[in-house]
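# Understanding the architecture of this molecule
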Amino acid sequence: MATTPKLTVLFEKLRGQTFQLDKDTLSIGRKDEMDITLKDGSVSGHHADIFRTEQDGEVSFILRDNGSTNGTKVNNQPITEHVLRNSDLITFGNVEVLFDGEQNAPEGTAEFSHLTHTIDISSLEKNTTAPQVLTNFNPLSVKEAQKDAMFKRSLLITLGLIAVGLFSLVVLVLVKILSK
């Protein structure tokens with residue numbers, strides 16, 4: 001059975017919805033005329049595009065950010081253009097989706113339907129929680145590392161000032177002794 005690569009939404013209330021990458025070029029954004037419409041304030045009007053390419057019988061999908069306000073990330077890394085790999089975690093603004101690139105379509109299959117997919121987040125209840133982060137990145141560990149580095153710098157400066165004070169004290173005592 002042939003499967004077409006797809007995006008699966010991981011964003012809270014829409015989790016599990018899938019969208020087939022069934023065209024050579026797919027537009028993604030907040031506007032209704034996009035192929036995949038993500039109605040969320042963090043998503044730009046025409047946020048990004050996905051291009052299907054084929055070279056030497058290998059099909060790949062290229063994700064390109066269109067200068068969006070809140071950016072596009074793949075696996076928590078900001079991108080302008082990226083060749084998608086199976087299981088890549090993509091973030092459009094605050095909306096996370098998973099790229100499922102397992103493709104078993106027969107070679108030479110280039111027929112794609114022209115469907116438009118719409119996700120209307122504005123119709124959901126307003127009290128939604130933040131999307132879960134599915135990567136190993138922990139922002140708290142970054143803050144802890146920054147605090148640790150600041151503490152070490154402060155300690156080093158304090159010890160340096162104490163050393164300068166002790167040196168000055170020794171010099172003053174020596175000057176007093178030698179001046180007698």
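Keep in mind that this is a model prediction, so the values were computed, not measured. (Residues numbered from 1 in each chain as written. Predicted model: local features only at pLDDT ≥ 70, side-chain atom pairs only at ≥ 80, totals over all residues. Heavy atoms only, no water.)

### Some thoughts on the pairing of strand 3 (residues 25–29)
Of all 5 residues making up strand 3, 4 are buried, and the element is well covered by its neighbours. Looking at chain direction, strand 3 and strand 5 (residues 48–55) are connected through 4 bridges and run antiparallel. Of the residues in strand 5, the one forming a bridge with Leu 26 is Ile 50. In this structure, strand 3 lies alongside strand 4 (residues 36–38), joined through 2 bridges in parallel fashion. Pairing of Gly 29 across the sheet is with Thr 37, part of strand 4. (Buried < 20%, exposed > 50% of the residue type's maximum accessible area, 1.4 Å probe, protein only. Helix = DSSP H or I, 4+ residues; strand = E, 2+ residues; numbered from the N terminus. Pairing = 2+ DSSP bridges.)

### Topic: the environment of His 47
Take His 47: it is sitting in the loop between strand 4 and strand 5. Each C-alpha atom of the pair His 47 and Met 34 lies 9.4 Å from the other, and the pair is 13 residues apart in sequence. Of the polar contacts made by the side chain of His 47, one reaches the side chain of Thr 72; its length is 3.2 Å. (Polar contact = N/O pair within 3.5 Å; in protein donor to acceptor, adjacent residues only side chain to side chain.)

### Comments concerning the confidence of the model for the chain
Residues of the chain with pLDDT of at least 70 account for 76%, and the chain-wide mean is 81. The model gives residues 104–115 a pLDDT under 50, and that stretch makes 18 contacts with residues more than four places away or in other chains. (pLDDT = per-residue confidence, 0-100. Contact = heavy atoms within 4.5 Å.)

### Looking at the side chain of Ser 42
Relative to the assigned elements, Ser 42 resides in the loop between strand 4 and strand 5. According to the relative accessible area criterion, Ser 42 is buried, its value standing at 7%. Engagement of the side chain of Ser 42 in a polar contact is seen with the side chain of Asp 40, the distance being 2.3 Å. Beyond its immediate chain neighbours, meaning those up to four positions away, Ser 42 contacts His 47, Asn 70, Phe 92, Gly 93, Asn 94 and Val 95.

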